[in-house]
Amino acid sequence: MPKLVPVNQTRVTFLSRSVNEGYARAVLAAFLTQLDPTVPQLADIKTAVSEAVTNCIVHAYPGTLGPVQMDITLFEGGVVRVVVRDRGVGIEDVARAMEPLYTTGDPEERAGLGFAVMQSFMDSVRVASRPGHGTRVTLVRQLERRA
Amino acid sequence: MAKVHFVAAPGTLTAYLTGEIDHHAAQALRREIDAQVDIRLPELLTLDFAGVTFMDSSGVGLILGRSRRIGALGGQLTIQSAPTNVRRMLDLAHIHYV
Ligand SMILES: Nc1ncnc2c1ncn2[C@@H]1O[C@H](COP(=O)(O)OP(=O)(O)O)[C@@H](O)[C@H]1O
Ligand SMILES: [Mg+2]
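To start, this report covers the structure provided alongside it. (Residues numbered from 1 in each chain as written. Chains lettered and ligands numbered in written order. Predicted model: local features only at pLDDT ≥ 70, side-chain atom pairs only at ≥ 80, totals over all residues. Heavy atoms only, no water.)

## Some words on the site of ligand 1
Residue and element names in this part refer to chain A. In the neighbourhood of ligand 1, 20 residues make up the surrounding shell, with His59, Asp86, Thr103, Thr104 and Gly112 lying closest. Histidine 59 places a polar side-chain atom, nitrogen or oxygen, 2.7 Å from an oxygen atom of ligand 1. Backbone polar atom of glycine 112 to an oxygen atom of ligand 1: 2.8 Å apart, as the coordinates give it. The fraction of the free accessible surface of ligand 1 (540 Å²) that becomes covered by protein chains is 96%. Among the detected pockets, ligand 1 sits in the largest pocket. (Near = heavy atom within 4 Å. Polar contact = N/O pair within 3.5 Å; in protein donor to acceptor, adjacent residues only side chain to side chain. Areas by Shrake-Rupley, 256 points an atom, 1.4 Å probe, with all protein chains shown as cover. 1 Å grid on protein atoms, 1.4 Å probe; cavity = no way out; pocket = protein on both sides within 12 Å on 5 of 7 lines; lining within 4 Å. Sits in = over half its atoms within 2 Å of the grid points.)

## Structural notes on the interface of chain A and chain B
Many authors give the size of an interface as the accessible area that is lost as the parts come together. Contacts between the two partners involve 25 residues from chain A and, on the opposite side, 21 residues from chain B. Roughly 1900 Å² is buried in total at the junction of chain A and chain B, and carbon and sulfur atoms are behind 49% of that figure. The largest contributions to the chain A side of the interface with chain B come from A:Arg25, A:Glu108 and A:Glu109, which together make up 30% of the buried area. Viewed at the interface, chain B and chain A are joined by four salt bridges. Inspection of the region where chain A meets chain B yields eleven residue pairs in polar contact (both at pLDDT 80 or more). For the side of chain A that touches chain B, the element with the most residues is helix H2 (residues 39-60) of chain A, which contributes eight residues. Its residues assigned to classes, the side of chain A that touches chain B comprises nine nonpolar, seven polar and nine charged. (Contact = heavy atoms within 4.5 Å. Buried area = accessible area lost by both parts, 1.4 Å probe. Salt bridge = Lys/Arg side-chain N within 4 Å of Asp/Glu carboxyl O. Helix = DSSP H or I, 4+ residues; strand = E, 2+ residues; numbered from the N terminus. Nonpolar A, V, L, I, M, F, W, Y, C, P; charged D, E, K, R; others polar.)

## Focus on the pairing of strand E5 (residues 134-142) of chain A
Residue and element names in this part refer to chain A. Burial analysis of E5 places seven of its nine residues in the buried class, which makes it a mostly covered element. Note: strand E3 (residues 79-86) against E5, eight bridges, orientation antiparallel. Each residue of the ladder has a partner; that of arginine 81, found in E5, is valine 140. Bridging between strand E4 (residues 124-130) and E5 involves seven bridges; their strand directions are antiparallel. Paired with arginine 126 across the strands is threonine 138, a residue of E5. Remark: three residues form the turn of the hairpin made by E4 and E5, two consecutive strands paired antiparallel; glycine 132 in that turn has positive phi of roughly 85 degrees. (Buried < 20%, exposed > 50% of the residue type's maximum accessible area, 1.4 Å probe, protein only. Pairing = 2+ DSSP bridges.)

## Examining the sheet that holds strand E4 (residues 76-80) of chain B
All names here are of chain B. Across the sheet, four strands lie side by side as E1-E2-E3-E4; this open sheet has mixed pairing. On the outer flanks of this sheet lie strand E1 (2-9) and E4, each paired with one strand and no other. For this sheet, the mean angle separating the axes of adjacent strands, direction not counted, is 20 degrees. Both strand E2 (residues 12-21) and strand E3 (residues 44-55) contribute to a ladder of nine bridges, which runs parallel. Within the sheet, the bridge partner assigned to threonine 12 lies in E3 and is leucine 44. In this fold helix H1 (residues 23-40) packs onto E1, E2 and E3, with an angle of close to 15 degrees to the strand it touches most, E1. Relative to the sheet, helix H2 (residues 57-72) contacts E2, E3 and E4, its axis offset from that of E3 by approximately 175 degrees. (Axes fitted to C-alpha atoms, helices over the stretch in contact; angles between N-to-C directions.)

## Remarks on the packing of aromatic side chains
Describing an aromatic ring pair means giving the distance of the ring centres and the angle of the ring planes. On inspection of all chains with the given rule, the structure shows one aromatic pair over all chains. Aromatic pair A:Phe14 and A:Tyr23: ring centres 5.9 Å apart, planes at 90 degrees, arrangement edge-to-face. Exposure remark for A:Phe14: the relative accessible area of 7% places this residue in the buried category. Sitting above the plane of the B:Phe54 ring, A:Arg25 keeps its charged end 4.2 Å from the centroid. The residue whose ring lies beneath B:Arg88 is A:Phe121, and the NZ or CZ to ring-centre distance is 4.3 Å. (Phe/Tyr/Trp six-rings, centres within 6.5 Å; stacked < 30°, edge-to-face > 60°. Lys NZ or Arg CZ within 6 Å of the ring centre and 35° of its normal.)

This is the structure we're talking about:
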């Protein structure tokens, strides 16, 4: 793989309130307009990022609020990288957390499919987590050229 | 922002969902749907997704939770008019739709 050359970058930080799920998607969509993505491509990336941000809001800070940071970097050749991180409780066993249907949330509300959605909608998903320190999810997607 | 409006007929309740269904919206939708179900006790609850412009896995949680709940009350849930983006999410969750 050739070395990725960044061409543009933005960062937003917000509190882990659920109303910010829509805010994060709006920021992402606005920043990606410069790449003129197709509607399905934009939908895929928005959905994956919504999952990562929602996880920080639902799981990272049980019973309290904390910061969520989203970094979006655009590379030459139409590669999009989104890094979503929190300073919350972290994940003890990342491999297990990423298994489809696995959830520690309210089973009445959570489907346990967030990581499965990220994996199916992005080219690559990396998760780094330290219990007690937080979690970082890195999502990468290469935009296909328009026909 | 997501919204829901209801159309009831004898034995059936249809919830017409519109807007973006994420975890934030799903919390309010869940309360509204459950309240209507408790009042009307329908045999068939239909969730209509024609007006839904975005849905992540929180929508799947919403559907499965309502399905379990209506099942416990002796009723059934169906899904109708799901646009492509919603269908992709349902396929991933192995949820059937018409
Ligand atoms: N940012 C995070 N901080 C702490 N735990 C997390 C985080 N993201 C995911 N998890 C853990 O991974 C599990 C699976 O996540 P996911 O696949 O998105 O399903 P769901 O959100 O429906 O539980 C969560 O239930 C939670 O235990
Ligand atoms: Mg999740």
